[in-house]
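Read off the chains here:
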Amino acid sequence: MSLTRCWRLWPTADKTVLPCRWLYASLHTSSICKKSHKKLQYSIGNTIEILGKSYETDHLTNTTPAILKKVGTNLHNTPGHPLNHICRRIETYFNSAYVRRGNPRFSVYNRLSPVVTHEQNFDSLLVPANHVSRSPQDSYYINSEYMLRAHTSAHQRDLVRTGLDAFMVIGDVYRRDAIDSTHYPVFHQLEAVQLFSDFELFSDMPNPESMSLFEPGVRDDNKQERHTLQTALLLEQTLKSCLEGLMRALFGQDLQMRWVGAYFPFTHPSWELEIFYQGEWVEMLGCGVMEQKLVDSAGATDKAGWAFGLGLERLAMKLYSIPDIRLFWSTDSGFLTQFKNKNFDEPITYKPVSKHPQCVNDISFWIPESFSSNDFYDLVRSVAGDLVEQVTLIDEFVHPKTGRGSHCYRLVYRHMEKALTQEEVNSIHQQIEASAAEQLDVQIR
Ligand code: DAH
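Numbering of residues begins from 1 in every chain and follows the order in which that chain's sequence is written. In view of the model being predicted, local features appear only for residues whose pLDDT reaches at least 70, and side-chain atom pairs are presented and counted only at 80 or more, with totals across whole chains, interfaces and linings using the full set of residues. With hydrogens and water set aside, each side-chain value is computed from the structure's full complement of heavy atoms.

Draft legend 1. Structural context of the overall build of the protein. Counting from the N terminus, the helices are DSSP H or I runs at least four residues long and the strands are E runs at least two residues long. The helix and strand inventory of the protein stands at 12 helices and 17 strands. Radius of gyration here is computed from C-alpha atoms only, and the compact-globule reference equals 2.2 Å multiplied by the residue count raised to the power 0.38. Relative to the compact-globule value of 22 Å for 445 residues, the protein shows a C-alpha radius of gyration of 23 Å, a close match. The buried label goes to any residue with under 20% of its type's maximum accessible area, the exposed label to any with over 50%, and the partly exposed label to all in between, with areas taken from a 1.4 Å probe on protein chains only. The 445 residues of the protein split such that 54% are buried. Note on contacts: a residue pair is in contact if any heavy atoms of the two residues lie within 4.5 Å. Expressed as a percentage of contacts within the protein between residues at least 6 apart in sequence, the contacts between residues at least 24 apart total 68%. Surface accessibility follows the Shrake-Rupley procedure with a 1.4 Å probe radius. Residue values consider only the protein chains on display as shielding. About 19,600 Å² of surface is accessible on the protein, with carbon and sulfur atoms providing 51% of the total. His is not counted, nor are the chain ends; Lys and Arg add positive charge and Asp and Glu add negative charge. Where a charge lies is defined by one atom per residue type: Lys uses NZ, Arg uses CZ, Asp uses CG and Glu uses CD. A distance of 2 Å separates the average location of the 45 positive side-chain charges in the protein from that of its 52 negative side-chain charges.

Right, dumping it as structure tokens:
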């Protein structure tokens, strides 16, 4: 998982390096926030419609029509779609492993609107006000109050507030990112939370009445200040055995796994789970003991719990050998029929429909001061849709005399369902050049 895709945002002891984009963002957050996005499709004071509601645009609006078109697609709820197969497999695991008085313990929320407030997406999860993840370069803002959720964690606090103590949230999430075979600005996550009262957590211990969830203590690498060591250890144990069981249920009983320490603003301690699959270690999910401050803020002051979040495309790409993330959005029968009418727990290996040749075209331009690569990636998505397989920044330099910056990007065009002609590619490429010049203030070289 690239760092831009996750919330492991402050370096941990073993991972001290942040990519430049994060460093840049952390140093310039305030100026980025002030940056005008009028060049991206909307002007201030317009309204945009999302799922039947109107939102007034303002200086923060950076959603594009191409992105808004994806909202409401509901791939994860579409029977026969690989993402739906995966969800059903995960739900089946939870429903058999976690039962309360004969009923599934975890409730499933898979139709929550992806439109959330900034407060839900960040503040409710204790993400600091100046945190790099809030940069408009990385998220899709609808306006100064609303955004498209960047993760399903955005619903944690509100669902706990409704009184739930075990739930899953499944849904589409939106992040501005690079263009390649594993990144797409919309993808899907599955989130789960389980809370325990002292009675529930200590029920298997010899002297449950003598044990307590909380104590005034100190925070260290292994626990939060409010939790007893027993609380922290039992939460860790139940969380890890739940997730190891889930991965074995999906990938087979002999699966090799390892836990890696991580950082998230909303959990402590936190981990990532990696699996050894087809010869390499692959990061599968993030998880941890929920920050007690978050649990308390949701009114569950007598409970402690754990949470995790995983990316469904990443899981499905591994499990079904799907080579390109754009395929999940394909309407072509060559892809869909390989999953449709199959039982969700049947082993399926995707057989690539013949790959059509790629066309490669470069584009070079002088950039204005406020330029960000993600603005260009969004523009490419808006103009070319899924015809672009990959965009790579292959050269950048600053002119020694004028001080102007220049970027050169390589665009790889390939249709997943038919061969593109050179004329078609040229025409799209020219449209990208013209739109970039007009909307991003770049000067084509
Ligand atoms: N929201 C995180 C992300 O998008 C994933 C995650 C990590 C979810 C830890 C959690 C958690 O619930 O406890 O990268």
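After that view of the structure, there is still more to cover.
Draft legend 2. Looking closely at the packing of aromatic side chains. Pairs were defined over the aromatic rings of Phe, Tyr and Trp, the Trp ring being its six-membered one, requiring ring centres within 6.5 Å. Orientation was assigned from the angle between planes: stacked under 30 degrees, edge-to-face over 60, tilted for the rest. Tallied over the full model, the rule gives 23 aromatic pairs. Here phenylalanine 94 and phenylalanine 308 contribute two aromatic rings whose centre-to-centre distance is 6.1 Å and whose plane-to-plane angle is 20°, an arrangement assigned as stacked. With phenylalanine 94 in helix 3 (residues 82–97) and phenylalanine 308 in strand 13 (residues 304–311), this residue pair connects regions lying 214 residues apart in the sequence. According to the relative accessible area criterion, phenylalanine 308 is buried, its value standing at 2%. Note on tyrosine 320 and phenylalanine 339: the rings are 5.3 Å apart at their centroids and 65° apart in plane angle, and the pair reads as edge-to-face. Residue tyrosine 320 is located in helix 9 (residues 312–320), and its partner phenylalanine 339 is located in the loop between helix 10 (333–336) and strand 14 (359–367); the two are separated by 19 residues in the primary sequence. For the pair shown, tyrosine 320 and phenylalanine 339 are each scored as buried. One aromatic cluster is present, formed by Tyr93, Phe94, Tyr98, Phe106, Trp306 and Phe308 through successive ring pairs. The aromatic ring of phenylalanine 214 is capped on one face by arginine 226, whose charged end is 4.6 Å from the ring centroid. Taking NZ or CZ as reference, arginine 445 lies 4.6 Å from the ring centre of tryptophan 366, over its face. A positively charged side chain is recorded as over a ring if its NZ (Lys) or CZ (Arg) lies within 6 Å of the ring centre. The angle to the ring normal must also be within 35 degrees.

Draft legend 3. Region of the structure containing the UniProt feature "domain: Aminoacyl-transfer RNA synthetases class-II family profile" (unreviewed entry) in the protein. Within this numbering scheme, the UniProt entry marks residues 88–352 as carrying the feature "domain: Aminoacyl-transfer RNA synthetases class-II family profile" (unreviewed entry). Secondary structure content for residues 88–352 is 25% helix and 27% strand, while the C-alpha to C-alpha distance between its ends is 24 Å. UniProt positions are given in the numbering used here, feature names are shortened, and annotations may be inferred rather than shown by experiment.

Draft legend 4. Region of interest: the pairing of strand 15 (residues 388–398). A pair of strands is labelled paired if DSSP reports no fewer than 2 bridges between them. Bridge count for strand 15 against strand 16 (residues 405–413) is nine bridges, and the pairing is antiparallel. Each residue of the ladder has a partner; that of glutamine 390, found in strand 16, is valine 412. In sequence, strand 15 turns back onto strand 16 through a hairpin of six residues, with glycine 403 there showing a positive phi of about 75°.

Draft legend 5. Layout of the nonpolar core. For this analysis, a nonpolar core means a set of buried residues of the types Ala, Val, Leu, Ile, Met, Phe, Trp, Tyr and Cys, connected via side-chain atoms within 4.5 Å. One finds Ile90, Phe94, Met247, Phe251 and Leu310 to be the most contacted residues of the largest nonpolar core, which totals 71 residues. Discounting residues that sit within four places of it in the chain, isoleucine 90 has contacts with Leu190, Leu246, Leu250, Leu310, Leu312 and Leu315. Listed in part, the 24 residues of the second largest apolar core include Leu60, Leu159, Val169 and Leu294.

Draft legend 6. Focus on the environment of arginine 414. By the element assignment, arginine 414 lies in the loop between strand 16 and helix 12 (422–439). Sequence-wise, arginine 414 and histidine 356 are 58 residues apart; in three dimensions their C-alpha atoms are separated by 6.7 Å. Beyond its immediate chain neighbours, meaning those up to four positions away, arginine 414 contacts Arg326, Lys355, His356, Pro357, Gln358, Asp386, Leu387, Glu389 and Leu420. A polar contact of 2.8 Å, which involves the side chain of arginine 414, links it to the side chain of glutamate 389. Between N or O atoms, a polar contact is any pair within 3.5 Å; within protein, one atom must be a potential hydrogen donor and the other a potential acceptor, and residues adjacent in sequence are included only when both atoms are from side chains.

Draft legend 7. Local environment of the sheet that holds strand 14. With antiparallel pairing, four strands are arranged side by side in an open sheet as 15-16-14-17. Looking at strand neighbours, the two that pair on one side only are strand 15 and strand 17 (443–444), the edges of this open sheet. Most of the contacts of helix 11 (residues 373–384) go to strand 16, to which it runs at about 35°, and overall it touches strand 14, strand 15 and strand 16. Sheet strands in contact with helix 12 are strand 14, strand 16 and strand 17, and its direction is about 15° off that of strand 14. Convention adopted: a line fitted to C-alpha atoms gives each axis, helices being fitted over their contacting stretch, and angles between N-to-C directions are expressed from 0 to 180 degrees.

Draft legend 8. Region of the structure containing unusual backbone geometry. Looking along the chain, the bond that leaves histidine 268 and enters proline 269 is cis, with omega of -10°. By the element assignment, proline 269 lies in strand 11 (residues 267–277).

Draft legend 9. Structural detail: the confidence of the model for the protein. By definition, pLDDT measures how confident the predictor is in each residue, and it falls between 0 and 100. Looking at the protein, pLDDT values average 90 and 90% of them are 70 or higher. Segment residues 1–5: pLDDT under 50, and 20 contacts once partners within four positions in sequence are set aside and those in other chains are kept.

Draft legend 10. Local environment of the pattern of salt bridges. The salt bridge criterion pairs a side-chain nitrogen of Lys or Arg with a carboxyl oxygen of Asp or Glu, the two atoms within 4 Å. Considering all chains together, one arrives at 21 salt bridges under this definition. The shortest N-O distance in the salt bridge between arginine 100 and aspartate 165 comes to 3.2 Å. In this pair, arginine 100 is assigned in strand 3 (residues 99–100) and aspartate 165 in the loop between helix 5 (156–161) and strand 8 (166–174), connecting sequence segments 65 residues apart. Judged by relative accessible area, arginine 100 falls into the partly exposed class, the value being 33%. The residue glutamate 225 makes a salt bridge to arginine 219 at a minimum N-O spacing of 2.9 Å.

Draft legend 11. Summary view of the sheet that holds strand 10 (residues 256–264). An order of 5-8-9-13-12-11-10 is seen for the seven strands of this open sheet, with the pairing classed as mixed. Each edge of the sheet is formed by a strand with only one pairing partner; in this case those strands are strand 5 (107–109) and strand 10. On average, adjacent strands in this sheet sit at an angle of 25° to one another, irrespective of strand direction. Across the sheet, helix 3 lies against strand 5, strand 8, strand 9 (186–196) and strand 13, angled at about 165° from strand 8, the strand it touches most. In the packing of helix 9 onto the sheet, contacts are made with strand 8, strand 9, strand 11, strand 12 (280–290) and strand 13, and the angle to strand 12 comes to roughly 145°.

Draft legend 12. Quick look at helix 11. For a helix, the expected span equals 1.5 Å multiplied by the residue count minus one. Compared with the 16 Å implied by 1.5 Å per residue over 12 residues, the 16 Å span of helix 11 between its first and last C-alpha is a close match. Counting buried positions along helix 11 yields 10 of 12 residues, so the element is predominantly enclosed. For helix 11, the full list of buried residues reads Ser373, Asn374, Asp375, Phe376, Tyr377, Asp378, Leu379, Val380, Arg381 and Ala384. After helix 11 finishes, the residue glycine 385 shows a positive phi value of roughly 55°.

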